[in-house]
Amino acid sequence: MDRSRGINDYEPGPVPSESRVDRYGFIKQNVSNSSAAEGLGKSREARRVRKWRKMIGVGGSDWKHYVRRKPHVVKRRIRKGIPDCLRGLVWQLISGSRDLLLMNPGVYEQLVIYETSASELDIIRDISRTFPTHVFFQQRHGPGQRSLYNVLKAYSVFDRAVGYVQGMGFLAGLLLLYMSEEDAFWLLVALLKGAVHAPMEGLYQVGLPLVQQYLFQFEHLVREHLPKLGEHFSREMINPSMYASQWFITVFSYSFPFPLALRIWDVFLFEGVKIVFKVGLALLKYCHDDLINLSFEKLIHALRNFPEDAMNPDILLPMAYSIK
Amino acid sequence: MAAYRADDDYDYLFKVVLIGDSGVGKSNLLSRFTRNEFSLESKSTIGVEFATRSIRVDDKVVKAQIWDTAGQERYRAITSAYYRGAVGALLVYDVTRHVTFENVERWLKELRGHTDSNIVIMLVGNKADLRHLRAVSTDDAKAFAERENTFFMETSALESMNVENAFTEVLTQIHHVVSRKALEVGDDPAALPKGRTINVGSKDDVSAVKNAGCCSA
């Protein structure tokens, strides 16, 4: 086993135990919630980073070539999780946002500086209500809040039909923890306009048509994959809009543990929205035997407060991948 | 499901909705009432949230099932489904932002379009602790409430002022409506007495309520 410990340029190293934030920058809620269990061993992680660096090349120069040659290797590696230090870059490569950025020089600056948006007040009101426990976004008018505002405002101008809708801030906020404002903006564009996968803008358009569609489809998938639970839900009159709207609207970034959200995003950006359905089903499947005994109110509570072990990415995601 | 019997020890179950513009403090009113918590660092609500609390009204135990909804207009596509079957509503505005008071009229219209005419509505002016920032006068709001035939109260979820009163008043008034109706009709369409295996709070119970002979439609 490789026991070298010299490598420390690849990860934000283990945070000292007295630190008030976790390795991702969130203010710790309770001490027992240790992050030690979440990651791989250091040396394994280092090997993984080396493999990834080779695969993407300097600044992502070899990426397209590699994906074309070995799509299955890429898919498998992404499903195991993109190394945190390369995440921002890889997300831009797999989402198609890097290409958008290169094709549209100066556009972002134009949107931020010269245009005004009807949504400005709505955006401002939500800025401090987006990842309020993360150090980057905590400081009033600090760099995090300013970037978040700029990206959301730029998008609301870029697509005035969508404008700004609550929930988009969590997407933008998540991206801003891994890339610059302009990169985050173009990744948002890539997602909503559908650069690689089906466009997401229907989640935010008037009437929230895509939310309604996804919830409807999810309900049917529950009945198909977990028929007993599906039946129990209809008996208790539980429908997915009571618990799953935010799964789709924010792609699990609203209230799920950050390490899990990141792993879901890795796969989401490469494979598309299917993973959101799969993770949702896997959560229900994992908690099936508990859920099936609960009545309405307890069910609602349970569906919004999954146990910690259910949200361990290394347990939940393999389960999600196995759902066809 | 005997295990949950204790929790369900109530005489009446009332569905109540929290509505109003984004950022007026709906979620904090709910957490203050149901958990006695307030957070300056709360996230904006996406979709709907849900909480319950039982209180004693007259000599009955009344359980409130409260749905807290996202305030942004775009979300009404999802949230308006939750109005149906509600027997009470807290329509919240922010006393420091006049526009949230101006929008009350639209919320009221929307609410009345989706609910039974007997619904008990309380207009709630929240953030009353921010005295130096006040933009809506108590008199204006009171006059509006009288005109629209709703109850009215100013609250501060932060200072825990009137929150208990506001919810209690709504639940008490609902209870009165129900008792009156029970006398008139001999049946109780607006509430679900204990013991019946009916679930409240989702779309389908609504039709149950309406079919029982309510006056809308």
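Residues numbered from 1 in each chain as written. Chains lettered and ligands numbered in written order. Predicted model: local features only at pLDDT ≥ 70, side-chain atom pairs only at ≥ 80, totals over all residues. Heavy atoms only, no water.

### Section: the overall build of chain B
Then step 1. Along the backbone of chain B there are seven helices and six strands.
Then step 2. Per-residue burial for chain B yields a buried fraction of 56% across its 217 residues.
Then step 3. Counting every atom, chain B has about 9400 Å² of accessible surface; 47% of that belongs to carbon and sulfur. (Helix = DSSP H or I, 4+ residues; strand = E, 2+ residues; numbered from the N terminus. Buried < 20%, exposed > 50% of the residue type's maximum accessible area, 1.4 Å probe, protein only. Areas by Shrake-Rupley, 256 points an atom, 1.4 Å probe, with all protein chains shown as cover.)

### Section: the interface of chain A and chain B
Then step 1. Taken together, the contact between chain A and chain B spans 41 residues of the former and 35 residues of the latter.
Then step 2. Across the interface of chain A and chain B, roughly 3200 Å² is buried in total on both sides, 53% from carbon and sulfur atoms.
Then step 3. Taken as a group, Gln166(A), Tyr254(A) and Glu297(A) account for 20% of the area that chain A buries against chain B, more than any other trio of residues on that side.
Then step 4. Linking chain A to chain B there are two salt bridges.
Then step 5. For Lys63(B), the salt bridge is made with Glu297(A), and the minimal N-O distance between the two is 2.7 Å. (Contact = heavy atoms within 4.5 Å. Buried area = accessible area lost by both parts, 1.4 Å probe. Salt bridge = Lys/Arg side-chain N within 4 Å of Asp/Glu carboxyl O.)

### Notes on the environment of Ala282(A)
Residue and element names in this part refer to chain A.
Then step 1. Topologically, Ala282 is positioned in helix 16 (residues 274-286).
Then step 2. Along the chain, Ala282 and Glu115 lie 167 residues apart, while their C-alpha atoms are 43 Å from each other.
Then step 3. Sequence-distant contacts of Ala282, that is, excluding residues within four places in its chain, are made with Leu316, Met319, Ala320 and Ile323.

### Topic: the side chain of Ser156(B)
All names here are of chain B.
Then step 1. As for its placement among the helices and strands, Ser156 is situated in the loop between strand 6 (151-154) and helix 6 (163-185).
Then step 2. Taking relative accessible area as the criterion, Ser156 reaches 0% and is therefore assigned buried.
Then step 3. A polar contact of 2.8 Å, which involves the side chain of Ser156, links it to the backbone nitrogen of Glu159.
Then step 4. Ignoring anything within four residues of it in the chain, the contact list for Ser156 reads Asn126, Lys127, Ala128, Asp129, Met161 and Val163. (Polar contact = N/O pair within 3.5 Å; in protein donor to acceptor, adjacent residues only side chain to side chain.)

### Quick look at the nonpolar core
Then step 1. Grouped together as the largest cluster of nonpolar side chains are 142 residues, with contacts concentrated most on Trp91(A), Tyr243(A) and Leu284(A).
Then step 2. The contact partners of Tyr243(A), leaving out residues within four places of it in the chain, are Phe218(A), Val222(A), Phe233(A), Ile238(A), Leu284(A), Leu303(A) and Arg304(A).
Then step 3. Among the nonpolar cores identified, the runner-up in size contains 30 residues, and Ala51(B), Val87(B), Ile174(B) and Val178(B) belong to it. (Core = buried A, V, L, I, M, F, W, Y, C linked by side-chain atoms within 4.5 Å.)

### Let's talk about the pattern of salt bridges
Then step 1. Counted according to the given criterion, the structure contains 24 salt bridges over all chains.
Then step 2. Across the pair Arg76(B) and Glu110(B) runs a salt bridge, and its minimum N-O distance is 3.5 Å. Linking Arg76(B) in helix 2 (residues 76-79) with Glu110(B) in helix 4 (residues 104-114), this pair joins segments that are 34 residues apart in sequence.
Then step 3. Across the salt bridge formed by Glu148(B) and Arg112(B), the nearest N and O atoms sit 3.0 Å from each other. On the criterion of sequence distance, the pair formed by Glu148(B) in helix 5 (residues 138-148) and Arg112(B) in helix 4 is long-range, its members being 36 residues apart.
Then step 4. One network of salt bridges, in which partners are shared, links Asp84(A), Arg87(A) and Asp266(A).

### Focus: the packing of helix 3 (residues 71-79) of chain A against helix 15 (residues 258-271) of chain A
Residue and element names in this part refer to chain A.
Then step 1. Look at helix 3 against helix 15: their axes get within 9 Å of each other, and the N-to-C directions meet at 155°. With respect to helix 15, the axis of helix 3 lies roughly antiparallel. Of the residues in helix 15, those in contact with Val74, Lys75, Ile78 and Arg79 of helix 3 are Arg263, Asp266, Val267, Phe270 and Glu271.
Then step 2. Tallied by class, the residues present in the contact of helix 3 with helix 15 amount to four nonpolar, no polar and five charged. (Axes fitted to C-alpha atoms, helices over the stretch in contact; angles between N-to-C directions. Parallel < 35°, antiparallel > 145°, perpendicular 65-115°, else oblique. Nonpolar A, V, L, I, M, F, W, Y, C, P; charged D, E, K, R; others polar.)

### Things to note about helix 1 (residues 42-56) of chain A
Residues and elements named next belong to chain A.
Then step 1. The terminal C-alpha atoms of helix 1 lie 21 Å apart, and with 15 residues this matches the ideal 21 Å at 1.5 Å per residue to within 8%.
Then step 2. The set of residues buried in helix 1 consists of Ser43, Glu45, Ala46, Arg48, Val49, Trp52, Met55 and Ile56.
Then step 3. Elements in contact with the buried residues of helix 1: helix 2 (63-69), helix 3 and helix 4 (87-95). (Expected span 1.5 Å × (residues − 1).)

### Some remarks on the side chain of Arg79(A)
All names here are of chain A.
Then step 1. Relative to the elements of secondary structure, Arg79 occurs in helix 3.
Then step 2. On the accessibility criterion, Arg79 (16% relative accessible area) is buried.
Then step 3. Those residues in contact with Arg79, other than ones at most four positions away along the chain, are Arg263, Val267, Glu271, Lys278 and Tyr321.

### Considering the environment of Arg131(B)
Then step 1. Mapping Arg131(B) onto the fold places it in the loop between strand 5 (120-126) and helix 5.
Then step 2. Arg131(B) sits 35 residues away from Thr96(B) along the chain, and the two C-alpha atoms are 8.4 Å apart.

### Regarding the pairing of strand 1 (residues 12-20) of chain B
Residues and elements named next belong to chain B.
Then step 1. When you tally the buried positions in strand 1, you get nine out of nine residues, the bulk of the element.
Then step 2. Residues Tyr12, Phe14, Val16, Leu18 and Gly20 line one face of strand 1 and the alternating positions Leu13, Lys15, Val17 and Ile19 line the opposite face, and both faces are buried.
Then step 3. Alignment of strand 1 against strand 3 (residues 60-69), held across seven bridges, turns out to be parallel. By the bridge assignment, Val17 is partnered in strand 3 with Trp67. (Pairing = 2+ DSSP bridges.)

### Quick notes on the packing of aromatic side chains
Two aromatic rings are characterised by how far apart their centres lie and by the angle between their planes.
All names here are of chain A.
Then step 1. This model, assessed by the stated rule, comprises 40 aromatic pairs over all chains.
Then step 2. Relative to Trp63, the ring of Trp52 has its centre 6.5 Å away and its plane inclined at 10°; by these criteria the two rings are stacked. Here Trp63 lies in helix 2 and Trp52 lies in helix 1, a separation of 11 residues in the sequence. A single burial state applies to Trp52 and to Trp63, both of which are buried. (Phe/Tyr/Trp six-rings, centres within 6.5 Å; stacked < 30°, edge-to-face > 60°.)

### What about the UniProt feature "domain: Rab-GAP TBC" (unreviewed entry) in chain A?
Then step 1. Annotation from UniProt places "domain: Rab-GAP TBC" (unreviewed entry) at residues 81-272 of chain A.
Then step 2. Segment residues 81-272 of chain A splits into 62% helix and 0% strand. End C-alpha atoms: 15 Å apart. (UniProt positions renumbered as here; feature names shortened; annotations may be inferred.)

### Here's the deal with helix 15 of chain A
Residue and element names in this part refer to chain A.
Then step 1. Between its first and last C-alpha, helix 15 extends 20 Å over 14 residues, near the 20 Å set by a 1.5 Å rise per residue.
Then step 2. Most of helix 15 sits out of view: 13 of its 14 residues are buried.
Then step 3. Just downstream of helix 15, Gly272 is the residue with a positive phi angle, here 95°.

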